Amino acid sequence: MNYLLEVKNLYKSFTLHLIDGRTITPVCDVSFSVAAGEHLLIHGRSGMGKTSILKCIYRTYVPTSGTIWFQSHQFGRIDLSRADERIIIDLREREIGFCSQFLRVLPRVSALDTICEPLYRQGLDRTAAQEIGREWLRRLGIAAELWQASPMTFSGGEQQRINLGRAFIARPRLLLLDEPTASLDETTKQVVINMIRAAQREGTAIISVSHDLTGLGVYADRQWTFPSR
Amino acid sequence: MSEQWLLRVEQLEKHFGPGCPVCRQLTGPTTGRSRCPRCGTVWACVDVNLQLHAGEVLGIVGESGSGKSTLLQMIYLALRPDSGHIWYRESDGQLRDLTTLNRYEARLFQNTHLGIVYQRPELGLNMRFSVGGNVAEKLLLAEWRHFGRIRVRTSELMNKTELLPERIDDEPTTFSGGMLQRVQIARALASHPTILLLDEVTSGLDVSVQARVLDLLRRIQWTDRITMLLVSHDLGVVRQLARRTIVMKNGHIVEAGLTDQILEDPQHPYTQLLVSSAL
């Protein structure tokens, strides 16, 4: 089978220089693969290193050892754990999306501009980008009177939706979602699940970390329980 | 990843003082000193290597006195390095070593290819000239000669930096801190530079003005695809603007990487201290 992403024997350790150089290893010999259009859901106890796996793939964390093979449109088969930073930046702009649990954006920038940011980065014209941005805000159920307000003033659930919109809007081929439905009501949760399914139909591979086994979990193609230590 | 590097800094060094045979052993990040205790020489930049790619924003972080501004000044050709090279790729692909330019060539290069914005507006602006005069001065230095075109370009820049064009003839002293930073940005961008150097541009501004200046810089970067080198000790500013970041300590680069990696998975003990100290 041709996988879009293959993680092999991944280890991630942190050396805490400020606490006597102590080392902790949250990710220990992890291997899995995901095909295009597939949704893998990772669940397990908090603090076990589930998010660390997503961050290693996105290269926010530098993997200690192991390989992360990604089948890129632009660069062919490439090991994300060792790829040049410039390649990672390019992949983040066009092929790999990440939605974290927290929204970190510039204050005083409108929700519309915030959600359009990935498109601006790609060099899309402002009017065209905002057209797409409005469509996503509508789909995510953000009231139109909030579009010009800063998401920093939004509720937790609204911020989460903006965060999801920013990840989906660039139509990446691999989407990494960290607790995508954690602070959403049932209706919005269903909207997000539909978004995920629509992205899957377009061939996007999804890796989500979630405790929501009865909601999101039902729709995942595969579930993987992250082992407790 | 089509863009090649635009600017490449190779083994750049700058020290202030006479130097002595043990200077290098007694200074640097492992000793925690930039100043040699034996001869008093300050080693501001030692063996600095970096590449700046077209259209990217590179952040430089580090505590005060780590050599960030000295590095920026050398790249701005305002300070001559003791050794090393600063390579610049011209639009026709030719490489130029900027450290070999004579004073006239350096000044012309500065005025046509580079723009700088300082933390303190009085360093970047002539406070006795009008705002329009400050922007026009940069254009005159870049060998623009047509008064009408200079005036049009100045108004254009004031619009772009969200300044009221009707205040073109007002003196900088009548402007607020945030507005003065925008005047500096307008001046820096006047002659369509390829590289914009930003030295602690938002330090000292109140938070709401800070956000506005950052938003402006981000928009300029997206629309004009201008390359920026951003020096800041505010990690939040760097997170918002820069994709890659280098960390300096006692004149040396101790770590370089993707900005989110530097902030969330710092490898060097100093970077861990820096990140854990941020509010």
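Residues numbered from 1 in each chain as written. Chains lettered and ligands numbered in written order. Predicted model: local features only at pLDDT ≥ 70, side-chain atom pairs only at ≥ 80, totals over all residues. Heavy atoms only, no water.

### Examining the overall build of chain A
- Of regular secondary structure, chain A possesses seven helices and nine strands.
- Since a compact globule built from 229 residues should have a radius of gyration of about 17 Å, the 18 Å found for chain A is in line with a globular shape.
- If you line up chain A on its principal axes, its C-alpha atoms span 50 × 45 × 35 Å.
- Evaluated residue by residue, chain A yields a buried proportion of 58% over its 229 residues.
- For chain A, contacts bridging at least 24 residues in sequence account for 67% of all contacts bridging at least 6.
- Counting 28 positive and 24 negative side-chain charges, chain A places the centres of these two groups 3 Å from one another. (Helix = DSSP H or I, 4+ residues; strand = E, 2+ residues; numbered from the N terminus. Rg over C-alpha atoms; globule rule 2.2 N^0.38 Å. Buried < 20%, exposed > 50% of the residue type's maximum accessible area, 1.4 Å probe, protein only. Contact = heavy atoms within 4.5 Å. Lys, Arg positive; Asp, Glu negative; His and termini not counted. Charge placed at Lys NZ, Arg CZ, Asp CG, Glu CD.)

### Some remarks on the packing of helix H3 (residues 111–121) of chain A against helix H8 (residues 207–224) of chain B
- The geometry of H3(A) relative to H8(B) is characterised by a closest axis approach of 10 Å and an angle of 35° between their N-to-C directions. Here H3(A) runs over H8(B); the crossing is left-handed. Between H3(A) and H8(B), the residues in contact are A:Asp113, A:Glu117, A:Tyr120 and A:Arg121 and B:Arg218, B:Arg219 and B:Trp222, respectively.
- The class makeup of the residues in the contact of H3(A) with H8(B) is two nonpolar, no polar and five charged. (Axes fitted to C-alpha atoms, helices over the stretch in contact; angles between N-to-C directions. Left-handed = near helix turned anticlockwise from the far one by under 90°. Nonpolar A, V, L, I, M, F, W, Y, C, P; charged D, E, K, R; others polar.)

### Remarks on the confidence of the model for chain B
- Here chain B shows a mean pLDDT of 93. Residues at 70 or above account for 99%.
- Interface confidence for the predicted complex, given as ipTM, is 0.92, next to a pTM of 0.92. (pLDDT = per-residue confidence, 0-100.)

### Re the sheet that holds strand E4 (residues 65–72) of chain A
Residue and element names in this part refer to chain A.
- Spatially, E2-E1-E4-E5 is the arrangement adopted by the four strands of the open sheet, whose pairing is antiparallel. Strands with a single pairing partner mark the edges of an open sheet, and in this sheet they are strand E2 (22–34) and strand E5 (76–79). Going from strand to strand, the sheet's axes swing by 25° on average, the running direction of each strand aside.
- Summarising the sheet, strand E1 (residues 5–16) and E4 pair through five bridges and their orientation is antiparallel. Looking across to E4, one finds that Leu 5 is bridged to Phe 70. (Pairing = 2+ DSSP bridges.)

### Structural notes on the sheet that holds strand E4 (residues 83–89) of chain B
Residue and element names in this part refer to chain B.
- The strand order across the open sheet built from four strands is E2-E1-E4-E5, with neighbouring strands paired in antiparallel fashion. Each end of this open sheet is capped by a strand with a single partner; those strands are strand E2 (42–53) and strand E5 (95–97). On average, adjacent strands in this sheet sit at an angle of 15° to one another, irrespective of strand direction.
- Where strand E1 (residues 5–16) meets E4, five bridges bridge the pair, whose relative direction is antiparallel. Each bridged residue has a counterpart across the sheet, and for Glu 13 the counterpart in E4 is Ser 83.
- Packed onto the sheet, helix H2 (residues 68–75) meets E1, E2 and E4 and runs at close to 120° relative to E1.

### Digging into unusual backbone geometry
- The backbone of A:Asp29 sits at a positive phi, close to 50°, despite the residue not being glycine.
- Tracing the sequence through the fold places A:Asp29 in strand E2.
- Classification of A:Asp29 as partly exposed rests on a relative accessible area of 40%.
- Even without being glycine, B:Gln11 reaches a positive phi, approximately 45°.
- Within the secondary structure layout, B:Gln11 lies in strand E1.

### What to know about the pattern of salt bridges
- Enumeration according to the criterion identifies 38 salt bridges over all chains in this entry.
- Close ionic contact of A:Asp20 with A:Arg22 constitutes a salt bridge, the shortest N to O distance being 3.4 Å.
- Overall, A:Arg22 belongs to the partly exposed group, its relative accessible area being 45%.
- The salt bridge involving B:Asp169 is made with B:Arg151; its shortest N-O contact spans 3.4 Å. Note that B:Asp169 is positioned in the loop between helix H6 (147–160) and helix H7 (177–189) and B:Arg151 in helix H6, a separation of 18 residues in sequence.
- Owing to a relative accessible area of 35%, B:Arg151 belongs among the partly exposed residues under this scheme. (Salt bridge = Lys/Arg side-chain N within 4 Å of Asp/Glu carboxyl O.)

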